[in-house]
Amino acid sequence: MTLCSSSSSSQKTWIVHGILAGMAIAAAIGARAYLGRSRKFRSRVVGIIPARYASSRFEGKPLVQILGKPMIQRTWERSKLASTLDHVVVATDDERIADCCRGFGADVIMTSESCRNGTERCNEALEKLEKEYDVVVNIQGDEPLIEPEIIDGVVKALQVSPDAVFSTAVTSLKPEDGLDPNRVKCVVDNRGYAIYFSRGLIPFNKSGGVNPEFPYMLHLGIQSFDSKFLNVYSELQPTPLQVEEDLEQLKVLENGYKMKVIKVDHEAHGVDTPEDVEKIESLMRERNLS
């Protein structure tokens, strides 16, 4: 990810292309009139940052200090810059995280320890919010450098794609990450809808190696849901592909729902292990981010 003007322009171009593609699809399926009835279609948007303390690889990760601020605070501050979000909350089952978040001014929704993943935690938080929302954005708490434009991009993609219940973002995959199971890959159809996600390399060629000329796509963690579908999602039983790949978005596809995908110019800088903290801090120093 870069913050220079040329990168920002490129990133916004990718987002605009994704949004325009969604609009073309809507028109093609006769949805223009549906969208034209009201500008309020999926207009109320909440960003939810699910956070848990327990983690097999990095216990207490949301509270780790990154240049003097907890990581969850940095993610919250970046999310607040997104123009499409009417509200941003943290959803957690841990009082240590809740106390920390309240200390820097974030709204907190306490959720149960039984939530199996971030999506279920978002759904429980949504049910406890006083206001009603049309779109829920699941913002990964371990992406302290998330771009607000990407948040806006996935929201707008869902707003202009009434046949989709879910939207997400991808970026270019580095060839050296092609065989890394922690880097989730994605393939889409010609209309910008997801076909499949995998921890393995997709597509996979008969040579068995990474083709440096092929435009592989890396899935970014951020995703938005139609709020009504989010409740349905939590009621769906785990599916075989979801369980085998350990990717919750596959449950959406396996049940026949559509997922809109936009491509953005973004270099992922998530924090998965303690070693990643130093990398993030070095990057922030290089870019004079405080």
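Residues numbered from 1 in each chain as written. Predicted model: local features only at pLDDT ≥ 70, side-chain atom pairs only at ≥ 80, totals over all residues. Heavy atoms only, no water.

Naming follows an unreviewed UniProt entry, where the chain appears as 3-deoxy-manno-octulosonate cytidylyltransferase of Brassica campestris. The chain has a UniProt comment under Sequence similarities (unreviewed entry) that states "Belongs to the KdsB family." Per UniProt, the comment on the chain under Pathway (unreviewed entry) is "Nucleotide-sugar biosynthesis; CMP-3-deoxy-D-manno-octulosonate biosynthesis; CMP-3-deoxy-D-manno-octulosonate from 3-deoxy-D-manno-octulosonate and CTP: step 1/1." (UniProt positions renumbered as here; feature names shortened; annotations may be inferred.)

The number of helices and strands found in the chain is 10 helices and 11 strands. Look at the contacts in the chain between residues 6 or more apart in sequence, and 71% of them connect residues 24 or more apart. (Helix = DSSP H or I, 4+ residues; strand = E, 2+ residues; numbered from the N terminus. Contact = heavy atoms within 4.5 Å.)

Turning our eyes to something else, we now look at helix 5 (residues 118–128). Since there are 3.6 residues in each turn of an α-helix, residues three or four apart along the chain are aligned in direction. Of all 11 residues making up helix 5, eight are buried, and the element is well covered by its neighbours. N-capping of helix 5 is provided by N117, with a side-chain oxygen placed 3.1 Å from the backbone N of T119. (Buried < 20%, exposed > 50% of the residue type's maximum accessible area, 1.4 Å probe, protein only. Polar contact = N/O pair within 3.5 Å; in protein donor to acceptor, adjacent residues only side chain to side chain.)

A word on the nonpolar core. For soluble globular proteins, nonpolar side chains are generally found buried alongside one another. Counting 32 residues, the largest nonpolar core has L85, C101, V137, I151 and A169 as its most contacted members. Residue assignment for this core shows that the elements contributing at least two residues are strand 1 (45–51), helix 3 (71–79), strand 4 (87–92), helix 4 (95–103), strand 6 (135–138), helix 6 (148–159) and strand 10 (217–226). Setting aside residues up to four positions removed in sequence, V137 forms contacts with V45, V46, G47, I48, L85, I151, V155, I222, Q223 and S224. Residues A125, V136, V170 and V261 belong to the second largest nonpolar core, which totals 29 residues. (Core = buried A, V, L, I, M, F, W, Y, C linked by side-chain atoms within 4.5 Å.)

This paragraph deals with helix 3. Within helix 3, seven of the nine residues are buried, which leaves it mostly tucked inside the rest of the structure. Every buried residue of helix 3 is listed here: M71, I72, Q73, R74, T75, W76 and S79.

A cis geometry characterises the amide bond from I202 onward to P203, with omega recorded as -5°. Along the chain, P203 turns up in the loop between strand 9 (194–198) and strand 10. Phi is positive for R42, close to 50°, though the residue is something other than glycine. Tracing the backbone shows R42 in the loop between helix 2 (32–36) and strand 1. R42 sits in the buried class, given a relative accessible area of 7%. For L67, which is not a glycine, the phi torsion comes out positive at approximately 50°. By secondary structure assignment, the location of L67 is in the loop between strand 2 (65–66) and strand 3 (69–70).

Let's shift gears to the confidence of the model for the chain. Counting all residues, the mean pLDDT for the chain is 86, and 86% of those residues have values of 70 or more. A low-confidence stretch, residues 1–7 stays under pLDDT 50, and its non-local contacts, those more than four residues away or across chains, total 13 contacts. A low-confidence stretch, residues 20–39 (pLDDT under 50), is modelled with 24 contacts involving residues beyond four sequence positions or located in other chains. (pLDDT = per-residue confidence, 0-100.)

This next bit is on the pattern of salt bridges. Under the counting rule described, the total for this entry stands at 13 salt bridges. The residue R44 makes a salt bridge to D134 at a minimum N-O spacing of 2.7 Å. Taken together, the positions of R44 in the loop between helix 2 and strand 1 and D134 in the loop between helix 5 and strand 6 put the pair 90 residues apart, joining distant regions of the chain. For R44, a relative accessible area of 40% corresponds to the partly exposed category. (Salt bridge = Lys/Arg side-chain N within 4 Å of Asp/Glu carboxyl O.)

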